[in-house]
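Residue-level structure breakdown
Residues per chain, in single letters:
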Amino acid sequence: MKAYLTRRYMFSASHRLHNDAMTAEENRATYGKCNNPYGHGHNYALEVTVSGPVDERTGMVCNLVDLDAVVQHEILERFDQQNLNTLPDFTASVPTTENLCIVIYDILQRGFHCAHLEKVRFEETMMNAFEYSGGGQLCK
Amino acid sequence: MVYLTRKAEFSASHYYHNPEFSAEENQRIFGKCNNPNGHGHNYTLEVTVKGEVNPRSGFVVDLKQLKDILNREVLEAMDHRFLNKEVPEFFTRIPTTENLAIAIWQRLAPKLKAAQLHRVRLYETPDLFVDFYGEA
């Protein structure tokens, strides 16, 4: 039987929303306080949902140890306590949480093969959340 | 179609062990969860039902009836129990969160009359949950 397993992780990072292709006025109008040149930070909550048949021998969709290891190595060690604008993932795109969803989804899609990656969900604050299930591409 | 979710909490203990595996395999696959004395969780259960709104009552389902079914079928059977030893489904199946969500679905689905069961979401901890939609 098919089940969906979701694991929640936390990391903290800073970012600044700014697009070089826009004028200073446009950047301010588009991004508001998020355009502050010195950046600001969030405690991001990341939820990773994977799916698959429940293995009759283990009772599991996948072993959590495997998922945790990939997220720890590929995501948390790279993104936690970092300035997102300085990371290679965002040299050509603005580190909005929309784009962060796409970056993280693509990393997990390449690195995690024990179950089907269903969805990535981010809470940037307690007031907003973003979800991505693949099929798109990183936007400026 | 409107979806309605009812939440409940129960506490239970369990351990993971497959008698077909060697002791080493059990330890390697299940890690600390293989401790035969068990360990416990505060589970949070979210049951989502769906249906059309009844034009006379304005309800998808009578919440009191849903709560009674949840109490009878799930909480009385599982709350403050050692799942491996006291809940029949887990005499032969491993009480992982996946299997628990499936067992809860199988207990609830035949008892719900007015509304249709849509999803069982079971939190084992605040950072781990399983969704089951009755898919084969």
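The rules behind the values
- Residues numbered from 1 in each chain as written.
- Chains lettered and ligands numbered in written order.
- Predicted model: local features only at pLDDT ≥ 70, side-chain atom pairs only at ≥ 80, totals over all residues.
- Helix = DSSP H or I, 4+ residues; strand = E, 2+ residues; numbered from the N terminus.
- Buried ≥ 20, exposed ≤ 12 C-beta atoms within 10 Å, placed from the backbone.
- Contact = placed C-beta atoms within 7 Å.
- Nonpolar A, V, L, I, M, F, W, Y, C, P; charged D, E, K, R; others polar.
- Pairing = 2+ DSSP bridges.
- Axes fitted to C-alpha atoms, helices over the stretch in contact; angles between N-to-C directions.
- Parallel < 35°, antiparallel > 145°, perpendicular 65-115°, else oblique.
- Left-handed = near helix turned anticlockwise from the far one by under 90°.
- Expected span 1.5 Å × (residues − 1).
- pLDDT = per-residue confidence, 0-100.

**Some remarks on the overall build of chain A**
A count of helical and extended segments in chain A gives 3 helices and 5 strands. When the helices and strands of chain A are placed in sequence order, the string is β-α-β-α-β-α-β-β. Once the C-alpha set of chain A is aligned to its principal axes, its extents read approximately 60 × 30 × 25 Å. When each of the 140 residues of chain A is scored for burial, the buried share is 26%. By sequence separation, contacts in chain A at least 24 residues apart represent 72% of the contacts at least 6 residues apart.

**Some remarks on the interface of chain A and chain B**
Reports of interface size often rely on the accessible area that becomes lost once the parts have come together. Taken together, the contact between chain A and chain B spans 16 residues of the former and 19 residues of the latter. If you tally residues by element for the side of chain A that touches chain B, the top one is strand 1 (residues 2-15) of chain A, at 7 residues. Residues that form the side of chain A that touches chain B fall into these classes: 8 nonpolar, 4 polar and 4 charged. Pairing geometry for strand 1 of chain A and strand 5 (residues 128-132) of chain B, over 4 bridges, is antiparallel. By the bridge assignment for strand 5 of chain B, Arg7(A) is matched with Leu128(B).

**Notes on the packing of helix 2 (residues 64-79) of chain A against helix 3 (residues 97-111) of chain A**
Residues and elements named next belong to chain A. Taken N-terminus to C-terminus, the directions of helix 2 and helix 3 make an angle of 135°; their axes are 10 Å apart at the nearest point. The angle between the axes of helix 2 and helix 3 places the two elements in the oblique class. Taken as a pair, helix 2 and helix 3 cross one another with a handedness that is right-handed. Within the contact between the two elements, helix 2 uses Val70, Glu74 and Ile75 and helix 3 uses Ile104, Ile107, Leu108 and Gly111. Looking at side-chain class alone, the contact of helix 2 with helix 3 contains 5 nonpolar, 1 polar and 1 charged residues.

**Considerations on helix 3 of chain A**
Residues and elements named next belong to chain A. Helix length check: helix 3, at 15 residues, gives a terminal C-alpha distance of 21 Å against a target of 21 Å (1.5 Å per residue), a fit within 8%. Those residues of helix 3 not exposed but buried are Thr97, Asn99, Leu100, Cys101, Ile102, Val103, Ile104, Tyr105 and Leu108. As for helix 3, its buried residues are in contact with strand 2 (40-53), helix 2, strand 4 (116-125) and strand 5 (128-132).

**What about the confidence of the model for chain B?**
When pLDDT is averaged across chain B, the result is 96; 100% of the residues are at 70 or more. Both scores are available for the predicted complex, with the pTM at 0.93 and the ipTM at 0.93.

**Considerations on the packing of helix 2 (residues 63-78) of chain B against helix 5 (residues 97-108) of chain B**
Residues and elements named next belong to chain B. Helix 5 packs onto helix 2 with a crossing angle of 130° between their chain directions and a minimal axis gap of 10 Å. Between helix 2 and helix 5, the angle falls in the class oblique. Viewed along their axes, helix 2 and helix 5 form a crossing whose handedness is right-handed. Counted together, Ile69, Glu73 and Val74 of helix 2 and Ile104, Arg107 and Leu108 of helix 5 form the full contact between these two elements. The class makeup of the residues in the contact of helix 2 with helix 5 is 4 nonpolar, no polar and 2 charged.

**Overview of unusual backbone geometry**
The phi torsion at Gln81(A) lies on the positive side, around 65°, for a residue other than glycine. Within the element layout of this structure, Gln81(A) appears in the loop between helix 2 and strand 3 (82-83). A tally of 11 C-beta atoms within 10 Å means that Gln81(A) is categorised as exposed. The phi angle at His80(B) is positive, at roughly 60°, despite the residue not being glycine.

**Regarding the pairing of strand 2 of chain A**
All names here are of chain A. The pairing of strand 1 with strand 2 spans 14 bridges and is classified as antiparallel. In the strand pairing of strand 2, methionine 10 is matched with alanine 45. Pairing of strand 2 with strand 4 involves 7 bridges; the strand directions are antiparallel. Directly across from serine 51, in strand 4, lies its bridge partner histidine 116.

**As for the environment of Thr96(B)**
Its location among the elements puts Thr96(B) in the loop between helix 4 (89-92) and helix 5. Remark: the alpha-carbon pair of Thr96(B) and Glu124(B), spanning 28 residues in sequence, is separated by 9.3 Å.

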